[in-house]
Amino acid sequence: MDSDELFKRAVRVIPGGVNSPVRAFKSVGGTPLYVASGNGAHLRTVEGRDLVDFCCSWGAVILGHAHPEVVEAIQRQAERGTTFGINTPMEVEFAEFLQSKVPGLERVRLVSSGTEAVMTAVRIARGATGRRRIVKFDGCYHGHSDGLLVAAGSGLLTGGIRSSEGVSPAVAEDVFVVPFNDLEAVEAVVAAHGRDLAAILVEPVAANMGLVLPAPGFLAGLRRVADRCGAALIFDEVITGFRFGPTTYGALCGVIPDLTTMGKIIGGGLPLAAVGGRASWMDHLAPLGRVYQAGTLSGNPIAVVAGLATLRVLERENPYARLESGARKMADAINRDAECRGLDRVCVQAGGLFTVFFRRGAIRNLNEAMVSDTKAYASYFHRMLDQGFYLPPSQFEVSFVSMAHTEQEMSRFVEAVTT
Ligand SMILES: *Cc1c(COP(=O)(O)O)cnc(C)c1O
C-alpha cells in the first residue's frame, strides 16, 4: 500500500484525509506522506524511502525517533499498566523535575496536549483576576481552543484561515490581537482596557509563523506592562520549553512569567503537556480553588515516563550547544549563498530551530513573514523532498534539528539548498 492509495482511502473516512490540517500538504501540493517507521533523524515512508526528518513531529522528538531510553521506559511502563486514573509516583517525580529546572514554577499540572495547557492557563488568569479579556499576538499559535483561534498562526495561516469559524463572537470579542514585537500596541490596549485584562499571552520566540525572534526588550516590556495592569503574563513555551537549554526560554532570558505552558519536548513524543507557575495563580485550580480543569488521561504514566526519560537524556547529554552550532552553520551557509546569488531568501535561526523565508530582510512580525513567497517555499519543500529531506510542509512552520542529526546530514542539506 503506497501513500497515494492510503490517502485515497483516508479522504473517504477522515475529513480531508488527515487528523491535523497541515499534514494534508495543501500549501505545498502533492500527495501527503505515510510513514512506516522512524529511527534517529530518519523516517521511512511506506514506500521504503529513507528521509532525513527536519520536522521531528513538530519538534516533539528532540532526541530523534525511537530513542532507546525512551522506548525502554515506555515498554517497561506498558507492562505495568497504561492508565489508572489514580495518582502514580512517576507524576510526582516528573513535576518535581520540572520544578527544579524552571524558576517560578512553584506548582505545575500535567495535561495531555498543548491546547489544554494554554486553555487552562488562560482560564486560571481569568478566574484569578475576575477579568475577561486577553491580549495575544498576530500569528502566534496557542492550540485550538476557541478564543485562541483568533488570528492564529500554524495551520490556520497555512490554510489561509485568519480566524476559525465555529467560534462564538462573544468569545472572540474578549481577545485583542496585536502585532508581535509591538510593545506600543500592547501599551495602547492596556491604556484603554487594562482593568479588563486577565492575561497577556505570547510565544516568547514565535515559532508558528515561521521563526520570528523577540526584539531586545520586548519580553521584559511585556513583564512590566502586565505588572502594571495586574494581568497574568503567560509564556506559551510548548515549542520553546527545553528547546534552547534544559529549562524554559523565559528562564534563559531572565523574564519570569506568571504562568508557563510546555508540551512537545516534555512529553518525549507522547501526549503530555503542562501548565505551571506561581502558587498564587496555580492554586486557583480545583480542588483548591474554583477554576476547574481535569482529564481522564492527565499525567498518563506512559507519557510521564517517556517525558522523564527524554528530559534526563537532555540533562545528561546537554546537546544544546551542538544543536545551536549545527543549525547556525546551516543558516549561515544558506544566507551566504542567498547573498552571493542575489536570491530573495533568508534563513532565520535560533538554537535548533530554523526557517527559510523566501523574501529579504528582517522579519519582526506576521505581516513581514507573510511577504514571503509561499510558492517558492512549496518548490523548495519538494526539491528537498526529492533529495531525501523532509521539512514541515508549510512556510509558516519551523524546521527542527534533533540530537540525532549528524554534521554530515546537515551539510548535505545545505548543499541541497544551495545548489
Ligand atoms: C504545538 C503548540 C501548541 C498546541 O499544542 P498541541 O499539543 O498541538 O495541542 C500550543 N502552543 C504552541 C506554541 C505550540 O507550538
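Up top you'll find the structure we're talking about.
Since the model is a prediction, treat every value here as computed from it, not as a measurement.

Asker: Kindly report on the sheet that holds strand 7 (residues 197-202), identifying the contributing residues and their values.
Answerer: Taken in spatial order, the seven strands of this open sheet run 4-10-9-8-7-5-6, and their pairing is mixed. Each edge of the open sheet is held by one strand with a lone partner, namely strand 4 (107-111) and strand 6 (175-178). Adjacent strand axes in the sheet meet at a mean angle of 20 degrees, parallel and antiparallel pairs treated alike. By the bridge criterion, four bridges tie strand 5 (residues 133-137) to strand 6 in an arrangement that is parallel. In the sheet register, valine 135 faces strand 6, and the bridge partner there is phenylalanine 176.

Asker: Can you lay out empty space enclosed by the protein for me, pointing to particular residues and giving the numbers?
Answerer: If you walk through the whole model with that rule in mind, you get one cavity of 30 Å³ or more. In this model, the largest cavity occupies a volume close to 50 Å³. In terms of lining, the largest cavity is formed by Val102, Pro103, Gly104, Leu105, Thr248, Gly250, Ala251, Ile256, Pro257, Thr260 and Gly277.

Asker: Give me the nonpolar core: which residues, what numbers.
Answerer: In terms of nonpolar packing, the biggest core is built from 62 residues, with Phe54, Phe94, Leu98, Phe242, Leu311, Tyr380 and Phe413 touching the most fellow members. No other element matches helix 12 (residues 301-317), which puts nine residues into this core. Of the domains in this structure, domain 1 (3-62 + 319-418) and domain 2 (68-316) are the two that each give at least three residues to this core.

Asker: Give me the site of the ligand: which residues, what numbers.
Answerer: Around the ligand, the structure places Ser113, Gly114, Thr115, Tyr141, His142, Gly143, Glu203, Asn208, Asp236, Val238, Ile239 and Lys264. At a separation of 2.8 Å, an oxygen atom of the ligand approaches a polar backbone atom of glycine 114. With the chains in place, 82% of the 380 Å² that the ligand exposes on its own is no longer accessible.

Asker: Lay out unusual backbone geometry in plain terms, naming residues and giving numbers.
Answerer: Excluding glycine, residues mostly have negative phi values, and the peptide bonds linking residues are mostly trans. The amide bond that connects alanine 286 to the next residue, proline 287, takes the cis arrangement and shows omega of 15 degrees. Here proline 287 is to be found in the loop between helix 11 (279-282) and helix 12. With phi around 40 degrees, lysine 264 is a residue other than glycine that occupies positive phi space. Along the polypeptide, lysine 264 turns up in the loop between strand 9 (259-262) and strand 10 (273-277). With a phi close to 35 degrees, asparagine 318 is a non-glycine residue in the positive phi region. Note on asparagine 318: relative accessible area 47%, which makes it partly exposed.

What counts as what
Residues numbered from 1 in each chain as written. Predicted model: local features only at pLDDT ≥ 70, side-chain atom pairs only at ≥ 80, totals over all residues. Heavy atoms only, no water. Pairing = 2+ DSSP bridges. Helix = DSSP H or I, 4+ residues; strand = E, 2+ residues; numbered from the N terminus. Axes fitted to C-alpha atoms, helices over the stretch in contact; angles between N-to-C directions. 1 Å grid on protein atoms, 1.4 Å probe; cavity = no way out; pocket = protein on both sides within 12 Å on 5 of 7 lines; lining within 4 Å. Points joined across faces, edges and corners; volume = space filled by probe spheres on them. Core = buried A, V, L, I, M, F, W, Y, C linked by side-chain atoms within 4.5 Å. Buried < 20%, exposed > 50% of the residue type's maximum accessible area, 1.4 Å probe, protein only. Domains from an automatic or database assignment. Near = heavy atom within 4 Å. Polar contact = N/O pair within 3.5 Å; in protein donor to acceptor, adjacent residues only side chain to side chain. Areas by Shrake-Rupley, 256 points an atom, 1.4 Å probe, with all protein chains shown as cover.

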